[in-house]
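One letter stands for each residue in the lines below.
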Amino acid sequence: MDAARVKAKAIELGFDLCGIAPADSFPELTFLDEWLARGYAGEMAWMARNADRRADVRNVVRGARSVIVMGSIYNTESEYGDDPTQPFESPHHRTPTRAKIARYALGDDYHDVLESRLEALLAWMRAESSEPFEARAYVDTGPVQERVYAQYAGLGWIGKNTCVINPGLGSWILLAEIVCSLLLEADQPALDQCGTCTLCLDACPTGAFIEPHVLDATRCISYLTIEYRGEIPQEHHAAVGNHVFGCDICQEVCPWNAMPATANGTWPSRGALSVPRLAELSARTDEQLAELIRGTPLARAGVNGLRRNITVALTNFKEGAGRGSAEL
């Protein structure tokens with residue numbers, strides 16, 4: 001099995017990036033235990049349950065020798081109107097009467113989109129390989145520290161905001177990987193190009209970045225509006241603003257995202273999720289909200305979590321954050 005053919009097939013199937021990392025023990029993999037010990041995972045207990053497997057992909061696939069990492073851009077024309085080169089922060093999106101939803105969640109669930117591509121790639125590899133091999137494929141679901149392997153596969157470096165940044169495409173990238181026992185030629189790792197820039201760290205409204213490359217998830221708006229099941233702490237209400245699912249602030253300010261790239265093919269999106277009015281979302285019944293988020297990443301928060309987030313956002317507006325703006 002030739003590495004170049006694997007990469008070409010990945011692009012043919014719709015991925016925007018593909019690189020290969022050796023299944024080695026990289027120093028970045030060791031920080032997970034300390035991160036968990038500090039309590040930065042919050043209620044994401046599943047991360048601690050399989051921490052030993054996350055420490056090395058060879059604990060996931062016996063005899064693993066290569067990690068094939070794919071990247072898919074989710075920053076598509078549908079998010080920018082007619083001109084994808086224009087900044088995402090349109091007047092409508094800045095209006096506090098509109099709900100902010102993380103870009104990756106504006107369409108169909110990326111797990112479903114990428115898994116079909118990943119399954120097709122793995123099936124092709126098995127058909128083309130002259131030897132049998134062990135393999136596991138994951139889309140943000142397996143015990144794999146995929147950003148580390150993405151860096152060593154040359155897709156991009158891990159930025160100070162903990163996102164993988166590609167010098168040509170920015171950081172609006174979803175990752176998927178195949179861990180396999182095939183020995184494939186590895187790519188050169190990506191080099192950190194953040195330099196002295198701290199825009200992402202400075203822009204975080206909750207101060208979730210303890211230091212460069214270290215995120216306290218319990219303070220992150222994405223965690224608070226998606227993974228956290230309780231009431232959002234009052235101390236973070238104002239910072240949440242009108243975010244109802246996820247947060248893109250640390251990516252929106254990144255200079256590497258100044259010229260948005262578009263995807264290889266069409267990324268599925270849903271018009272009903274494009275900067276909807278908070279009042280309209282709030283007025284929906286539970287059944288209507290369930291139908292709206294079915295088959296999208298928003299289902300992760302569920303109806304109860306989404307309604308909680310909408311309530312916080314509406315309260316923020318009514319308490320003055322939206323004074324002088326358009327009516328609800």
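Source: prediction; values computed, not measured.

J.: Pulling in residues and values, what's your account of the pairing of strand β7 (residues 173-180)?
T.: Most of β7 sits inside the fold, with eight of its eight residues counted as buried. The side-chain alternation of β7 yields two buried faces, one formed by Ile173, Leu175, Glu177 and Val179 and the other by Leu174, Ala176, Ile178 and Cys180. By the bridge criterion, eight bridges tie strand β2 (residues 66-73) to β7 in an arrangement that is antiparallel. In the sheet register, Ile73 faces β7, and the bridge partner there is Ile173. Taken together, the four bridges between strand β4 (residues 135-138) and β7 define a ladder with antiparallel strand orientation. Along β7, the bridge assignment pairs Ala135 with Cys180.

J.: Please give an account of the confidence of the model for the protein chain that cites residues and values.
T.: Parts of the prediction with low pLDDT should not have their coordinates interpreted in detail. Of the residues in the protein chain, 89% have a pLDDT of 70 or more, and the chain-wide mean is 89. In this model, residues 77-93 is a region of pLDDT below 50 whose contacts with residues beyond four sequence positions or in other chains number 28 contacts. Across residues 321-326, where pLDDT falls below 50, the model places ten contacts with residues more than four positions away in sequence or in other chains.

J.: Please set out the sheet that holds β2 residue by residue, giving values where relevant.
T.: Pairing within the open sheet is antiparallel, and its four strands lie in the order β1-β2-β7-β4. Of all strands in the sheet, those bounded by a partner on one side alone are β1 (17-22) and β4. Each strand axis lies, on average, 20° off the axis of its neighbour in the sheet, ignoring direction. Most of the contacts of helix α1 (residues 3-12) go to β1, to which it runs at about 145°, and overall it touches β1 and β2. Sheet contacts for helix α6 (residues 110-128): β2, β4 and β7; angle to β7, the most-contacted strand, approximately 30°.

J.: So what about unusual backbone geometry? Which residues, and what values?
T.: The backbone of Asp140 shows a phi angle near 60°, a positive value even though the residue is not glycine. Asp140 sits in the partly exposed class, given a relative accessible area of 40%. Within the chain, Thr162 stands out as a residue other than glycine whose phi angle is a positive 70°. Secondary-structure assignment places Thr162 in the loop between β5 (157-158) and β6 (164-165).

J.: Give me the lowdown on the packing of aromatic side chains, citing residues and values where you can.
T.: The tally for this structure, following the rule as stated, stands at eight aromatic pairs. One aromatic cluster is present, formed by Tyr74, Tyr104, Tyr110, Trp172 and Phe245 through successive ring pairs. Its end group placed over the ring of Phe133, Arg126 keeps NZ or CZ at 4.8 Å from the ring centre.

J.: Quick rundown of α1? Include the residues and the values.
T.: Residues of α1 that are buried: Ala3, Val6, Lys9 and Ala10. In a view along the axis of α1, the buried residues occupy a sector of 125°, so they form one face of it. At its buried positions, α1 is contacted by β1, β2 and α6. With a side-chain oxygen positioned 3.0 Å from the backbone nitrogen of Ala4, the residue opening α1 is Asp2. Downstream of α1 by a residue or two, Gly14 has a phi angle that is positive, lying close to 115°.

Parameters at a glance
Residues numbered from 1 in each chain as written. Predicted model: local features only at pLDDT ≥ 70, side-chain atom pairs only at ≥ 80, totals over all residues. Heavy atoms only, no water. Buried < 20%, exposed > 50% of the residue type's maximum accessible area, 1.4 Å probe, protein only. Helix = DSSP H or I, 4+ residues; strand = E, 2+ residues; numbered from the N terminus. Pairing = 2+ DSSP bridges. pLDDT = per-residue confidence, 0-100. Contact = heavy atoms within 4.5 Å. Axes fitted to C-alpha atoms, helices over the stretch in contact; angles between N-to-C directions. Phe/Tyr/Trp six-rings, centres within 6.5 Å; stacked < 30°, edge-to-face > 60°. Lys NZ or Arg CZ within 6 Å of the ring centre and 35° of its normal. Arc of directions from axis to C-beta. Polar contact = N/O pair within 3.5 Å; in protein donor to acceptor, adjacent residues only side chain to side chain.

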